[in-house]
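Here is how the chains run, residue by residue.
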Amino acid sequence: MALQEKLDRFNKQQEKCQTMLSNIAAKSASSRAPTPKPTPVAASPFPSGRSPAPVKFSNDTERLQHINSIRKAPVGAQMKRVIDILFQTRQAFTPEQINEACYVDVNGNKDVFEGLRKNPKVNYDGKRFSYKSKHDVKNKNELLVLIRKYIEGIAVIDLKDAYPNVMEDLQALKAAGQIWLLSNFDSQEDIAFPNDPRVPIKVDDDLKELFRSIELPRDMLDIEKDLQKNGMKPATNTAKRRAAAQVQGISSKPKPRQKNKEFSKKTKLTNSHLPELFQTLKNS
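Residues numbered from 1 in each chain as written. Predicted model: local features only at pLDDT ≥ 70, side-chain atom pairs only at ≥ 80, totals over all residues. Heavy atoms only, no water.

Considering the packing of aromatic side chains
Applying the stated criterion to the full structure yields four aromatic pairs. Consider the rings of Phe-113 and Tyr-124, whose centres lie 5.5 Å apart with planes at 80°: the pair is edge-to-face. In this pair, Phe-113 is assigned in helix H5 (residues 110-118) and Tyr-124 in strand E1 (residues 122-124), connecting sequence segments 11 residues apart. Ring plane angle 85° and centroid distance 5.8 Å describe the contact between Phe-113 and Phe-129, whose orientation is recorded as edge-to-face. Here Phe-129 lies in strand E2 (residues 129-131) and Phe-113 lies in helix H5, a separation of 16 residues in the sequence. Here the aromatic residues Phe-113, Tyr-124 and Phe-129 are joined through ring pairs into a cluster of three or more. (Phe/Tyr/Trp six-rings, centres within 6.5 Å; stacked < 30°, edge-to-face > 60°. Helix = DSSP H or I, 4+ residues; strand = E, 2+ residues; numbered from the N terminus.)

As structure tokens, this is what we get:
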């Protein structure tokens with residue numbers, strides 16, 4: 001009898017456990033089921049009477065303002081930006097590439113486009129813009145060939161924009177004895193002359209001494225007159241240059257150098273540790 005009661009009690013406990021497990025499984029299944037989303041209600045453009053929040057500008061605002069200022073600049077300023085890019089890179093750019101490089105909208109500004117197309121420093125082949133130097137040379141060998149064509153000399157200022165390191169090549173050619181670089185007396189600009197190594201000229205010392213002993217007139221006008229008397233054309237025109245200087249209010253005569261003022265007895269000596277500087281003061 002006692003055994004039967006224990007068996008019945010065990011069966012009831014099993015039923016309770018089974019019921020509990022079924023309830024737990026049902027709850028977990030219901031929690032995993034997707035919940036329907038509520039339908040959004042159209043909000044009022046001004047909720048609860050408040051004004052809309054201020055629009056935040058992007059972090060690129062400063063760059064956009066810079067681009068806008070460039071495109072509103074005068075045509076000459078925009079052209080200069082483009083020519084500077086072409087000069088520095090020595091590459092050919094399409095209008096789109098120019099826009100990316102310096103923010104100048106060549107296609108969108110007809111005046112800039114026409115100004116670049118007609119500019120003597122710019123070459124346009126119908127698609128791309130590139131820098132156009134006065135002399136089309138790209139290296140030291142081509143530079144030497146060009147200088148040798150100018151027996152009477154070629155101005156260095158006309159060669160400066162040929163390619164980026166042209167000035168270094170000029171100095172290298174000079175150091176190698178292939179060219180001469182002499183200063184023009186009138187403009188103070190250097191002139192490049194060819195020096196043909198096939199024609200070496202040796203001058204006697206007597207001739208050098210005779211040349212150095214010749215006393216030239218002190219006034220450049222007299223030198224030019226003497227050259228004209230001997231059938232030579234002077235490279236300078238001093239009379240014309242002085243007339244232009246007078247029109248512009250510039251004196252052609254150099255200012256006299258001021259003599260160094262000597263120390264007086266009233267001079268306060270601050271460098272007493274250098275007595276040799278004040279020898280004249282002690283002697284006076």
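Here's the deal with unusual backbone geometry
Its identity is not glycine, yet Arg-90 carries a phi of approximately 55°, on the positive side. Along the chain, Arg-90 falls in the loop between helix H3 (75-89) and helix H4 (95-102). With relative accessibility at 25%, the residue Arg-90 sits in the partly exposed group. A positive phi angle is found at Tyr-103, which is not glycine, with a value near 65°. (Buried < 20%, exposed > 50% of the residue type's maximum accessible area, 1.4 Å probe, protein only.)

Focus on the packing of H3 against H5
Closest axis-to-axis distance for the H3/H5 pair is 10 Å, and the angle between their directions is 55°. In terms of orientation, H3 lies oblique with respect to H5. In the packing of H3 onto H5, the handedness of the crossing is right-handed. Of the residues in H5, those in contact with Val-75, Gln-78, Met-79, Val-82 and Ile-83 of H3 are Asp-111, Val-112, Gly-115 and Leu-116. Residues of the contact of H3 with H5, tallied by class, amount to six nonpolar, two polar and one charged. (Axes fitted to C-alpha atoms, helices over the stretch in contact; angles between N-to-C directions. Parallel < 35°, antiparallel > 145°, perpendicular 65-115°, else oblique. Left-handed = near helix turned anticlockwise from the far one by under 90°. Contact = heavy atoms within 4.5 Å. Nonpolar A, V, L, I, M, F, W, Y, C, P; charged D, E, K, R; others polar.)

Details of the pattern of salt bridges
Following the criterion strictly, the structure yields six salt bridges and no others. Between Lys-80 and Asp-84 there is a salt bridge; the shortest N-O distance is 2.9 Å. Of this pair, Lys-80 and Asp-84 are both found in helix H3, four residues apart, which corresponds to roughly one turn of the helix. Two residues, Asp-158 and Lys-134, come together in a salt bridge whose shortest N-O distance is 3.4 Å. (Salt bridge = Lys/Arg side-chain N within 4 Å of Asp/Glu carboxyl O.)

Concerning the side chain of Thr-236
Residue placement: Thr-236 occurs in the loop between helix H9 (220-229) and helix H10 (238-247). In terms of polar contacts, Thr-236 uses its side chain to reach the side chain of Glu-224, at 2.7 Å. (Polar contact = N/O pair within 3.5 Å; in protein donor to acceptor, adjacent residues only side chain to side chain.)

Looking at the pairing of strand E5 (residues 190-194)
Sheet topology note: the strand E3 (residues 154-155)/E5 ladder contains two bridges and is antiparallel. Opposite Ile-154, over in E5, you have Ala-192 as the bridge partner. Where strand E4 (residues 179-183) lies against E5, five bridges are found, and the strand directions are antiparallel. Its bridge partner being in E5, Ser-183 is matched across the sheet by Asp-190. (Pairing = 2+ DSSP bridges.)

Quick word on the sheet that holds E4
As summarised here, the arrangement of the three strands in space is E3-E5-E4, forming an open sheet in which the pairing is antiparallel. The open sheet has two free edges, formed respectively by E3 and E4, since each of these has just one partner strand. Against the sheet, helix H6 (residues 140-149) engages E3, E4 and E5, with an angle of about 90° to E5.

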